[in-house]
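Structure at a glance
Residues per chain are reported as follows:
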Amino acid sequence: MASPGRLICIFILLAIELLSVVADLQGPRCKHLYVKDTEVAHGRSFIFNRDSSVEGGIIELSNIEPQLHRFKRASTHDGEIISVVNSLDDSHQQLMVHWAGEGSDVFVCLARDPTIGRGRPSSVFISYDYGTTLENKTHFFSLQDQSGGYATLDKFYNHPKYNTHYVFIDSTQKVIYSTTDHGKHFEMVKLKFHPTDISFDEEEPLTFLAYDKIDPQKKLWVTKDFGSTWTLVQENVKAYFWSNLPGEKQHLYVEREEPTGSSTVLSSPSYFQDEDLTKVVLKDLEDFEVRKDFMFATKKAGEKNLDLYISHKRKPFVKAVFHSETNNLNYHVAEVSDGQVFVAVDHDGNGQVNLYVSDRVTENGMLFTLSLPKILCFFPDNTWNVSWLNGVTDKPFADFHKVEGLRGIYIASQISNISVPGVRPEDLKTVITFDMGGKWWPLKAPKVDNEGRPINCSMADGCSLHLFQRFNKLYPKTRSVPIRSSKSAPGLIMATGIIGKSLEGQPGVFLSRDAGLTWHQVLKGHHFFNFGDHGGVLVAVKYSKFLGRTRELMYSTDEGETWNSFEFYNDGIRIYGLITEPGKNTTTFTIIGSVKRHHQWHLIKVDLRNAFSYPCTKDDYKYWSPSSEDGPKMPCLLGKKEVFLRRISHSNCYNGRDFDRPVKTENCECDAEDFQCDHGFERDLEFHQCIRIKSLSFDPYAVPTSCRPGQMYNRTKGYVKIPGNSCEGGYETRFLPDLLPCPFKEKKEFIIAVQKEKIRQCFSDGKELPETLVATDVGDIADMALDWVSNLLFFVDGWRSTIEVIRTDTNRLGWMRRTILNSTVLREPRGIAVHPMQGYVFWTDWSTDDASVSRANLDGSDVRKLFTRPLVERPYGIAIDHIAERIYWVDDIKQYIGSSDLDGKMFRKVISHDGRVHPPIAVAVFKDNLYWDNRNKDAIYMADKDLGIGITAIAENLPDLRDLKIFAHGIQEGENPCSRKPSPCPYICVGMPRGGHRCLCPDSMVEGPDGGCLCPGG
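Anyway, here's the lowdown on the structure attached to this text.

Criteria and cut-off values
Residues numbered from 1 in each chain as written. Predicted model: local features only at pLDDT ≥ 70, side-chain atom pairs only at ≥ 80, totals over all residues. Heavy atoms only, no water. Disulfide = S-S within 2.5 Å. Helix = DSSP H or I, 4+ residues; strand = E, 2+ residues; numbered from the N terminus. Buried < 20%, exposed > 50% of the residue type's maximum accessible area, 1.4 Å probe, protein only. Pairing = 2+ DSSP bridges. Axes fitted to C-alpha atoms, helices over the stretch in contact; angles between N-to-C directions. Core = buried A, V, L, I, M, F, W, Y, C linked by side-chain atoms within 4.5 Å. Phe/Tyr/Trp six-rings, centres within 6.5 Å; stacked < 30°, edge-to-face > 60°. Lys NZ or Arg CZ within 6 Å of the ring centre and 35° of its normal. Lys, Arg positive; Asp, Glu negative; His and termini not counted. Salt bridge = Lys/Arg side-chain N within 4 Å of Asp/Glu carboxyl O. Polar contact = N/O pair within 3.5 Å; in protein donor to acceptor, adjacent residues only side chain to side chain. Contact = heavy atoms within 4.5 Å.

Brief notes about the state of the cysteines
This model, assessed by the stated rule, comprises 8 disulfides. Two residues, Cys707 and Cys742, share a disulfide whose sulfurs are 1.5 Å apart. Since a negative S-S torsion denotes a left-handed disulfide, the Cys707-Cys742 link at about -85° is left-handed. Of the two residues, Cys707 is situated in the loop between β55 (690-692) and β56 (712-715) and Cys742 in the loop between β59 (738-741) and β60 (750-755); the sequence distance between them amounts to 35 residues. Taking relative accessible area as the criterion, Cys707 reaches 13% and is therefore assigned buried. As a non-bridged cysteine, Cys1015 has Cys1013 as the owner of its nearest cysteine sulfur, 9.7 Å distant.

Focus on the sheet that holds strand β11 (residues 175-179)
Taken together, the 4 strands give an open sheet; going across it, the order is β9-β10-β11-β12, and neighbouring strands pair in antiparallel fashion. Whereas interior strands pair on both sides, the edge strands pair on one side only; in this sheet they are β9 (155-158) and β12 (187-190). Here the average twist between neighbouring strands, direction ignored, is 20°. Bridge count for β9 against strand β10 (residues 166-170) is 4 bridges, and the pairing is antiparallel. Bridge assignment links Tyr157 to a residue of β10, and that residue is Val167.

Let's talk about unusual backbone geometry
When glycine is set aside, most residues are seen to have a negative phi, and most peptide bonds are trans. With an omega of 5°, the peptide bond running from Arg869 to Pro870 counts as cis. Along the chain, the position of Pro870 falls in the loop between β70 (864-868) and β71 (875-881). The peptide bond linking Lys981 to Pro982 adopts the cis configuration, its omega dihedral lying at -5°. Here Pro982 is to be found in the loop between β78 (952-955) and β79 (988-992). Phi at Gln144 takes a positive value of approximately 55°, unusual for a residue other than glycine. Following the sequence through the fold, Gln144 ends up in the loop between β8 (135-136) and β9. A residue is classified by how much of its surface remains accessible, and Gln144, at 53% relative accessible area, is exposed. The residue His182 is not glycine, and still its phi comes out positive at about 60°. Among the secondary structure elements, His182 is positioned in the loop between β11 and β12. On the basis of relative accessibility, which here comes to 13%, the residue His182 falls in the buried class.

Description of the nonpolar core
Judged by nonpolar contacts, the single largest core of 38 residues is most densely connected at Leu553, Phe568, Ile591, Val606 and Leu608. A per-element tally of this core places strand β41 (residues 537-542) first, with 5 residues. Among the nonpolar cores identified, the runner-up in size contains 19 residues, and Phe342, Ala344, Val357 and Ala412 belong to it.

Let's talk about the sheet that holds strand β74 (residues 908-912)
A sheet is described by the order of its strands in space; here 4 strands give the open sequence β71-β72-β73-β74, paired in antiparallel fashion. In this open sheet, the two strands that pair with only one neighbour each are β71 and β74. Between one strand axis and the next, the sheet turns by 20° as a mean value, whatever way the strands run.

A look at the packing of aromatic side chains
Scanning all chains against the criterion turns up 47 aromatic pairs. One cation-aromatic arrangement involves Lys299 over Tyr309; the distance from NZ or CZ to the ring centre is 5.8 Å. One residue, Lys439, lies across the ring of Trp441, its end atom 4.3 Å from the ring centre.

Let's talk about the side chain of Arg647
Tracing the backbone shows Arg647 in strand β49 (residues 640-647). Look at Arg647: it is buried, it has no salt bridge, and the nearest opposite charge is Asp533 at 4.9 Å. Polar contacts involving the side chain of Arg647 include one to the main-chain carbonyl oxygen of Thr557, which spans 2.5 Å. If sequence neighbours within four positions are ignored, Arg647 has contacts with Gly536, Thr557, Asp558, Glu559, Phe612, Cys616, Asp620, Tyr621, Cys653 and Asn655.

Spelled out as structure tokens, the structure:
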């Protein structure tokens, strides 16, 4: 029977443990704001948990002493590849492995039991030679009391800058162990509080914070002498964060819980030791987080709604605006990168989570655009409350992977079917974005498998490649490895995946060499995998949750095209992980495993340096940037793209640990992503187009009152270039404001009239007789369009199936006439519109079996059918909105007015199946309004060009309507190379895309060998 004194000791120990458990279980109130910890995601620590359900059962805790010096080492040579096996003689349930830093040969192992209750003492091992040998350091962690026991360590912390500095904690015993020489010596300090969490001052080697979450008062402490003495910082601390900005003094932010249940955020540059420097940042908030140069906070906005507030670089907080009509219950900041924020918002608590990306800051707040609906995002105790997920993790997550080393590329899991009680693999599919979430694409499956056999998978049938992320790592039936990418190996992505319609099926290992544009299957089944030598070597070890033992390592030195095998051990072991140093720059890998019969941790070091033939020279490299001819547009951020020096895959050479990859920066051509909405405009959530805010009183298109004749002014198209963006050329003229001349009171006006077989030009001053432009070789003129820059008139001859052009500034009848397109392209052309500045001609063709809306360059080259059946059946008139750079057309049979951008993208039906539209003949656009005529009602109508609302008849009793054109200041304005004086062409000059031009010969002449125009016969 135990003595009374021993009973008292046991009671005290259990009381302390119970206090710790209760504090952890109660914790803070339910959170609704989470921010992905990028430091953990890209950090240097790995945690491996032994799966007792598969191997060996639960270990009894009685009669087990600390494992001090019992480990052995064995070496294996297979040709020139070397492996070293270290048996730790340790059977703890969890192993933590931590590298001291990129390029360091030091790593630390902590073996412990992560169970409630004290259990047995932990063990610590340190290697100073990258795992060739390990030294048992457990004897340093004596409690130095009468019990003679050893510490049960919770975890340890390594200083992010001074990587020789470590702190190990035993929060139950209120003890810390510190070292400043990579664990060669330790100092123990007994504290008066529970050090449940440690955070280093990044700039000071001896300063760190310690947080006591067991104490009901939740105290935060600071030491400036590496743990010897302590000062209280704050009480009732819910959370705390460092903030470091370039050129700014470091601040400590504390979220303090108030008696009311809400929180107050305080900041201080002096650890709150100087009250004059302490500032109140926010009051009455629910949650607070800091990541990089952003701060996030939530406040109540109703019983079931929370508003998110964001501060960038310590500027005042602004409200996040999501343009959602539903409540916002939970927020998960999935990524903070390149000055933009991805936020997953839980709207209803039933798994309907949408991903938004920040757009810009206005007077209304920080605007967010919907990027991806129904992203897989888990909020503990909030989404899928009865799901298996709540049983395996209490950590929030989103299946959202940033492809490291390249900007703007992300891979996400999207829920195709939100089911009850929870999400399953068959409900998930994988998508990828190359432009910071602007557009998402399915992953194109490879054409053959790793054995060269054809794969039957068509995107048209809903089949694509799907990749495992955090969800599948937690899923009990798979427990697979998440996606791997690294900044040291730009363009390479390795992942476990499934080909099909969802994440259900037979897995394999897939590799992309071009940042996700194309994929190749390299292995079948589940594997642990990694890469090293800056992407020069790929490694994999077969893994199975239920079958799982192996002795074989697979490796490839040609980016997965061929694979070799290496036996790293003389017996099969169960694999728990395959790791390398954080930078993935070395050829050395560490396999974490356990032997047969009874659990015992093994660390196997494999060095593949000698798998390479020679060190790389300059001839083994080429500059590379991901590119796609017919697929997604690759990312340019702020108008720049990066070009990397990369090893040629078939060069079997060694990059080396110290390889410094050169990166060139090039300016990109401008496109839509380089612009944001101008003042008075907002981005349409569905089409991502900037449209005018009609509720505002000012007219953004108005001529400035200071504009005088002879001067010029900028008329907005609704866009401005993003500050700091350096893109050049490209499609910038579609978004940059038009430079227009201030209007004169007197303008030269003219009328162009069409008879069935003639085109006449009349000047309004009446002093000149009508001038006939076309009178011969004419069938039936259906429509015409004026190129006011080059003084050209384009017209459609429906009977002859041609589109022709004639100059309007010459009085020689028909002499400057040219056929642009003929019956080899056209069937029954009807409407026409030209864009002189962009160099395009658009037309409709109402052929019964080949109806279309098409585009070509003004010289007739590069013909593209933008829309065909069944979207169009009988298109009539077509017009261009020169402000928004969009086209509009009417369709008689489909009974709609449609619109798209100049490339046929972002299509929408503005008005459809409305009696005031049918039957339409012609259409025109001016500023904010859309105009069309209706033959049945003998009227001309007007409506909002973006939303199709406010339909109004502006003119009635107009029988036999045939066409509709608008001529006004600001429409027939602009320049291209053809507007130069003298003209660059002797006969006919047409503008071409991207600021070009082309000289054409009239039909009455032929083009000579030097490009000049000759009379027939030379």
